[in-house]
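# Close look at the chain arrangement
What follows is the residue order along each chain.
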Amino acid sequence: MDPATRLDQNHELSLKEFPYIIRWRDDRCTRCGRCTAVCPVSAIEAAPHVHRRVFSEGTVPSPKAQREIVHVVRQVTDIDRYCTGCGSCTLVCPNEAIEPEYNPRHKFLTYKNRGGVPFRRGGRRNDPAPSTIDQLKFTRISMLTDPALDAGRHEFRIRTLLGRNLPPEQLPLKARGGRLVVSKSGGFIPPVREIYPIRIGSMSIGALSPHMWEGLAMGVAYLNEVEGMPVVMCTGEGGIPPRLLKSRFAKYFILQIASGYFGWDEIVHAIPEMSEDPAAIEIKYGQGAKPGDGGLLMAYKVLKLIARIRGVPEFVDLASPPTHQTKYSIEEAVAKMIQSMSMAWGFRVPVYPKISGTKTAMAVLNNLARNPYAGALCIDGEDGGTGAAYNVSMDKMGHPIASNIRDCYLDLVAQGKQNELPLIAAGGMGKTGNLAANAAAMIMLGASAVDTGKYIMQAAAWCFGDERNRCNLCNTGRCPRGITTQDPKLYRRLDPDRVAERVVEVFKAADVELRKIFAPLGRSTELPIGMSDALGAADSEIAERLQISHVV
Amino acid sequence: MALNTMKEGHDGSGLGLVLKDLGGEFEKFKGLPILSGIASSKGLRDLENYMYAQGFEEIHMWQPDIDDSAPEPETGRRDHYFAKVYELPQLYRDRPRKEQEELLLDARLALRALGEDEESLFVFSFYPDAVTLKEVGDPLELGRFFRLEDGSLQAKIVLAQGRQNTNYDIYLYACHPFFLQGYCTMTNGENTAFVPITEFLTSRGFPGYMGYNSDSEVFAHILHYTHRQLGYPLTYYKDVITPLSEQEIDLRADGEALRLIRRSLRPLCIDGPNCVIGFTPDGTAFMVQDAKKLRPGVAGGVPGKYALVSEECGLDEAVPDRDKTQDFSPMKYDMAIIPPGAGELIRWNQLHTK
């Protein structure tokens, strides 16, 4: 029979239930305390252990036992302080004495609902399997009949259009003396921007730390002004610093308006003082990572700066409703919203909605296709990221982006509107580090541009997160990298200049890779949008579903 | 002679010939549509039945006076090679030209559908003042076979291609030149963006944008689309297939229009390698290149007689007594244009139109 002490622990979890188990080496540890200090969730702590030490002195064996108190680093078994596997401890350890190890047999989700609160986190879908887009290959290589281009030396124009392109039949053009002129009474010509086809997707100030956001913004400005790459970035729902909004850099930003309208009072009041129009307005109706949910910024992230930018009191939970409260129907309310936003900038700025990937995307698409003011449709697939959501939304809800975009594109082709309404693909671009390849594949399936969010956090700011639920603490405000926190003690770890530098490196590298992909296809002047004959998949079901070639 | 110009370079796989501004026995039928094609006996019966039912009245038929001593085409001698001149159905004679053209197109597509499965009937063009002849085999031998030198076929504008489609199974509908409502092109090269261009054209809702048995057929249809459907002057064909960059557009006086065109016609951009030679219904002939990979192409001649050919040796054959220093090889931004009447060779450049 077990002793009473054992029975008292019967309702405790063992470490085997935990997703990450700390491997700590007594012999290497100098007890400096850095690991326990840095752990964002206090999953490890210094603890005294009583050891029985057997030793012998002198020339003849004469074992003696002695009890000693030693200090160890111990992992706690409190589910609320589970080790997230972020590895901050390993990073700070001077002696390689500690490391979290993934436990594939964990039963974490079975227990992570204490207090009746389901598991909430940041990050994205925990599914390390390669996504569909990662399984697509570029199989048409020009060689003899159509010589390949030289990715290094030929001129490439890797640009796309954001905004609605009129059908050629509707262009207000007149031929006069062998020359075409634009007729002034020709009606509305929608605004269109020429941008780089990889954009930085919507991540708000608030969700991101000031240093992270600043780093991204500086990187984007550098790419535009020094590298000549018109990369644009979306603000997310959280406004934009007023000084930036009024500056000449505003043109590199897409302002997002979402169901909480956070920051928009400030933006609307700043419009008369703006010197440049923003790149576009994104109306967020849904998010791929958490379909059906609104944005959420926890109270402890709402510090003074955030409160000022968003126009709200400090330290209150900022929950955006799942839908726009004014939304009645797509034919009416959504159309009105698009028109109102267009009107705010004198119809000079493209306005488009962003929805989460869904089976109903085509219904949305067709409404937008008939709305002359809709500038694009952005679809955010299930592999998209978020700063805070219920795990169930992230893991189990949403629609893969590949077939969603493909269906929408082919639907537009059937209507002859494939060039009118650009499709923007988001969610999982660069999931396994192949940002350019993912972007190229989506473009060949029919997207005009792609958004990247989580990848840029990983690549530019050393984010620990992965698809095995590593770290994913974005929602707690305790991001160990200083990316998604408003705690100055944490975000001062992140140097905005270095983030900016990485953003530039990432985009320049992706640009080279895009050329490497496009050159053998023989495409250089315009993007290979819808050039699906260049794609192949080894999986016959993927090939059939996406209407591309099956290659084995 | 047009075929002779190619004897240096052709791969001997076929003959494609479109003749415009006709003389000889067609001279007196100016303005009346000519249906060109190949048919088996059954195909010809189907054709005649169809045309009769539609109210077309056949008033003349040209058939080549085949030289039995010449080698036969590779795919065997067909029952009938023909170019038939018709009177329009009574109902259409006073209709606007566009409606008449629509009727001709509908008839050609219907005939194509009639004979396509069994390959009993191929119709290549049905349009006033244009004759098309296509066959598989050595082009010079085919020339002898059809006795092209006998003078029964005469034309001021001749588009000739000395080979069949090269990359896939040989098929007559894939053979250059491609003709649609008076617009005609032939191309040297390969079209990388065939899929998006085809998708864009077929989704324009115009029945003639079909076929696409060759990736080069789209060049004729882009020309038709920009010039006829959209009403752009011919030089904009170049701006559509090889659009300038945003910065280059600023150099142009018509930059504002150009920017709109570039955006709205983005799917029609080609990346080559292509050299396109063609003509429009008014008899303007031209040559353009893609903007990067370029295929050989040279234009030259004397007033009244110009040639647009792939290789210089062809030009020497066609117009030996010309000033060679005036030969023009269109490059990235260029378009060689020969206006109706062939009085001059215009060198148009995309960048210099202030």
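Residues numbered from 1 in each chain as written. Chains lettered and ligands numbered in written order. Predicted model: local features only at pLDDT ≥ 70, side-chain atom pairs only at ≥ 80, totals over all residues.

## Description of the overall build of chain B
Helix and strand counts for chain B stand at nine helices and 15 strands. Against the 2.2 N^0.38 benchmark of 20 Å for 354 residues, chain B shows a C-alpha radius of gyration of 20 Å, consistent with a compact globule. Projected onto the principal axes, the alpha-carbon positions of chain B cover approximately 60 × 45 × 40 Å. Considering only contacts within chain B whose residues lie at least 6 apart along the sequence, 71% involve residues at least 24 apart. (Helix = DSSP H or I, 4+ residues; strand = E, 2+ residues; numbered from the N terminus. Rg over C-alpha atoms; globule rule 2.2 N^0.38 Å. Contact = placed C-beta atoms within 7 Å.)

## Regarding the packing of helix 14 (residues 454-461) of chain A against helix 16 (residues 496-521) of chain A
Residue and element names in this part refer to chain A. Two elements in contact, helix 14 and helix 16, have axes separated by 8 Å at closest approach and are oriented at 115°. As helix 14 runs across helix 16, the sense of the crossing is right-handed. Contacts from I456, A459, A460 and A461 of helix 14 reach helix 16 at V499, R502, V503 and V506. (Axes fitted to C-alpha atoms, helices over the stretch in contact; angles between N-to-C directions. Left-handed = near helix turned anticlockwise from the far one by under 90°.)

## Regarding the sheet that holds strand 7 (residues 155-161) of chain B
All names here are of chain B. If you trace the three strands from one edge of the open sheet to the other, you get 6-1-7, paired in antiparallel fashion. Two strands bound the open sheet, and with one partner strand each, they are strand 6 (130-136) and strand 7. Within the sheet, the average angular offset between the axes of one strand and its neighbour, ignoring direction, is 10°. With six bridges joining them, strand 1 (residues 14-22) and strand 7 adopt antiparallel strand pairing. The residue bridging L17 from the neighbouring strand is A160, located in strand 7. (Pairing = 2+ DSSP bridges.)

## Observations concerning the domain arrangement of chain A
All names here are of chain A. Along its sequence, chain A is carved into domain 1 (12-117) and domain 2 (134-159 + 190-550). Using C-alpha coordinates to define each centre, domain 1 is positioned 40 Å away from domain 2. At the interface, nine residues of domain 1 touch nine residues of domain 2. Its residues assigned to classes, the side of domain 1 that touches domain 2 comprises five nonpolar, four polar and no charged. (Domains from an automatic or database assignment. Nonpolar A, V, L, I, M, F, W, Y, C, P; charged D, E, K, R; others polar.)

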